[in-house]
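Descriptive analysis of the structure
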Amino acid sequence: KSISRNQDWTTDFNLFESGVKTNPNNVKLRNNYAMELKSANRIAEARTQYEKTIEIDPDYGEVYFNYGNLLSDEGNFKAAATSFEKAVEYPQMYSKTLNNLATTYFRLGHWQKAEERFLESIQLNPDQATTYNNLASLYGEAKRYRESEEMFKKALELNPTYTEAYFNLGTMLFQVGRIDEAESKLKHALILNPNHHGAANNLKVVYHHKKKLQQQEQL
């Protein structure tokens, strides 16, 4: 009997699967099982488990955060926002959820709501470089370039190896015509991650632009 049980529990996945079968109303186990299913790219099954968790206990706050992440990954941002909005109703999930909710608002084009939530997240979690990067991207889209640069620099101050922030800052600097600075940031992104295709492609655009300028100067 014990040998069979040990075989059942060889992985976290099997542990949670066995736990859900044994304790079908344990929402923590079912939520964790859904997370394992999502990690295994068994998305439909994960969605079913999240929805079942909510059905069993509509007041289990963490499930709304995790379900929102799944919906966001699927590109269903409207439903993701609804799930994150539900998550922030629970004090223990409030701080954790704000950045995700703000990012979802940003993707939906609700920029004012997104900015408010990003700033709130920064106030509660001032050391999270990801939030500064995301807010900087919002400011860039809104053509608030000075504020965008400030936020990117803050993200890099907190995390000097943050590849995505270097990439985003370089891209923004190119958009405002600061070509040499853009080149420098994009190169640094590629030093940190030589396989960053976005940085490589944008650096090619920078080189092409500089070449055209040189040709025009020679005319």
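Residue numbers here run from 1 along each chain, matching the order of that chain's written sequence. In view of the model being predicted, local features appear only for residues whose pLDDT reaches at least 70, and side-chain atom pairs are presented and counted only at 80 or more, with totals across whole chains, interfaces and linings using the full set of residues. Just so you know, side-chain values use all the structure's heavy atoms and leave hydrogens and water out.

**Some thoughts on the overall build of the protein chain**
Heads up, the rule is: For helices the rule is a DSSP run of H or I covering at least 4 residues; for strands it is a run of E covering at least 2, with both sets numbered from the N terminus onward. Relative accessibility thresholds used throughout: buried, under 20% of the residue-type maximum; exposed, over 50%; partly exposed, between the two (1.4 Å probe, protein chains only). Pairs of residues are marked as contacts when any of their non-hydrogen atoms sit within 4.5 Å.
When helices and strands are tallied, the protein chain shows 13 helices and zero strands. In terms of overall dimensions, the protein chain has C-alpha extents of about 85 × 40 × 30 Å along its principal axes. Looking at the 219 residues of the protein chain, the share that counts as buried comes to 40%. Looking at the protein chain alone, contacts between residues at least 24 apart form 41% of all its contacts between residues at least 6 apart.

**Some remarks on the packing of aromatic side chains**
Quick reminder of the rule: For Phe, Tyr and Trp, rings pair up if their centres lie within 6.5 Å, where Trp contributes its six-membered ring, and each pair is then called stacked (planes under 30 degrees apart), edge-to-face (over 60) or tilted (otherwise). In this analysis the charged atom, NZ for Lys or CZ for Arg, is taken to sit over a ring once it is within 6 Å of the ring centre and within 35 degrees of the ring normal.
A full pass over the atoms with the stated rule returns four aromatic pairs. A centroid spacing of 5.8 Å and a plane angle of 35° characterise the contact between Tyr-50 and Tyr-67, whose relative ring orientation is tilted. Taken together, the residues span a long stretch of sequence, with Tyr-50 in helix 4 (residues 43-56) and Tyr-67 in helix 5 (residues 61-73) at a distance of 17 residues. Residue Tyr-50 is classed as buried on the basis of its relative accessible area of 1%. With a centroid separation of 6.2 Å and an interplanar angle of 55°, the aromatic rings of Phe-65 and Phe-84 are classed as tilted. Here Phe-65 is found in helix 5, whereas its partner Phe-84 is found in helix 6 (residues 77-87), with 19 residues between them in sequence. For the pair formed by Phe-65 and Phe-84, the shared burial category is buried. One Lys or Arg, Lys-86, reaches over the ring of Tyr-64 and ends 5.9 Å from the middle of that ring.

**Regarding the pattern of salt bridges**
Note the cut-off: Each salt bridge in this description consists of a side-chain nitrogen of Lys or Arg and a carboxyl oxygen of Asp or Glu lying within 4 Å of one another.
Evaluated as defined, the whole model comprises 16 salt bridges. The salt bridge partner of Arg-47 is Glu-74, with a shortest N-O separation of 2.3 Å. Taken together, the positions of Arg-47 in helix 4 and Glu-74 in the loop between helix 5 and helix 6 put the pair 27 residues apart, joining distant regions of the chain. Take Arg-47: its relative accessible area is 24%, and that puts it in the partly exposed class. A residue is classified by how much of its surface remains accessible, and Glu-74, at 38% relative accessible area, is partly exposed.

**Digging into the packing of helix 3 (residues 27-39) against helix 5**
As a reminder of what qualifies: Each axis is a line fitted through C-alpha atoms, and for a helix only the stretch in contact is used; angles between axes span 0 to 180 degrees, taken between their N-to-C directions. Angles below 35 degrees are treated as roughly parallel, those above 145 as roughly antiparallel, those between 65 and 115 as roughly perpendicular, and all remaining angles as oblique. Left-handed is the label given to a crossing in which the near helix is rotated counterclockwise from the far helix by less than a right angle, and right-handed is the label when the rotation is clockwise. In this classification, the charged set is Asp, Glu, Lys and Arg, the nonpolar set is Ala, Val, Leu, Ile, Met, Phe, Trp, Tyr, Cys and Pro, and all remaining amino acids, among them Gly, are polar.
As a packed pair, helix 3 and helix 5 sit with axes 10 Å apart at the nearest point and diverge in direction by 15°. Relative to helix 5, the element helix 3 is oriented roughly parallel. In the crossing of helix 3 with helix 5, the sense of the turn from one axis to the other is left-handed. From helix 3, Asn-31, Met-35 and Lys-38 reach across to helix 5, where they touch Glu-62, Val-63, Asn-66, Asn-69, Leu-70 and Asp-73. A per-class count over the contact of helix 3 with helix 5 returns three nonpolar, three polar and three charged.

**Examining the packing of helix 11 (residues 163-175) against helix 13 (residues 197-218)**
Where helix 11 contacts helix 13, the two axes come as close as 10 Å, and the packing angle between them is 25°. Overall, the two elements helix 11 and helix 13 adopt an arrangement that is roughly parallel. As for how helix 11 packs across helix 13, the hand of that crossing is left-handed. Across from Phe-167, Thr-171 and Phe-174 in helix 11, the residues of helix 13 making contact are Gly-198, Ala-199, Asn-202, Val-205, Val-206 and His-209. By residue class, the composition of the contact of helix 11 with helix 13 is five nonpolar, four polar and no charged.

**What about the side chain of Thr-103?**
Inclusion rule: As used in this structure description, the phrase polar contact means that two N or O atoms lie within 3.5 Å; if the pair is within protein, one of them must be able to donate a hydrogen and the other to accept it, and residues adjacent in sequence are counted only when both atoms belong to side chains.
Of note, Thr-103 is situated in helix 7 (residues 91-108). A distance of 3.4 Å separates the side chain of Thr-103 from the side chain of Asn-134, its partner in a polar contact. When near neighbours in sequence (up to four residues on either side) are disregarded, Thr-103 contacts Phe-118 and Asn-134.

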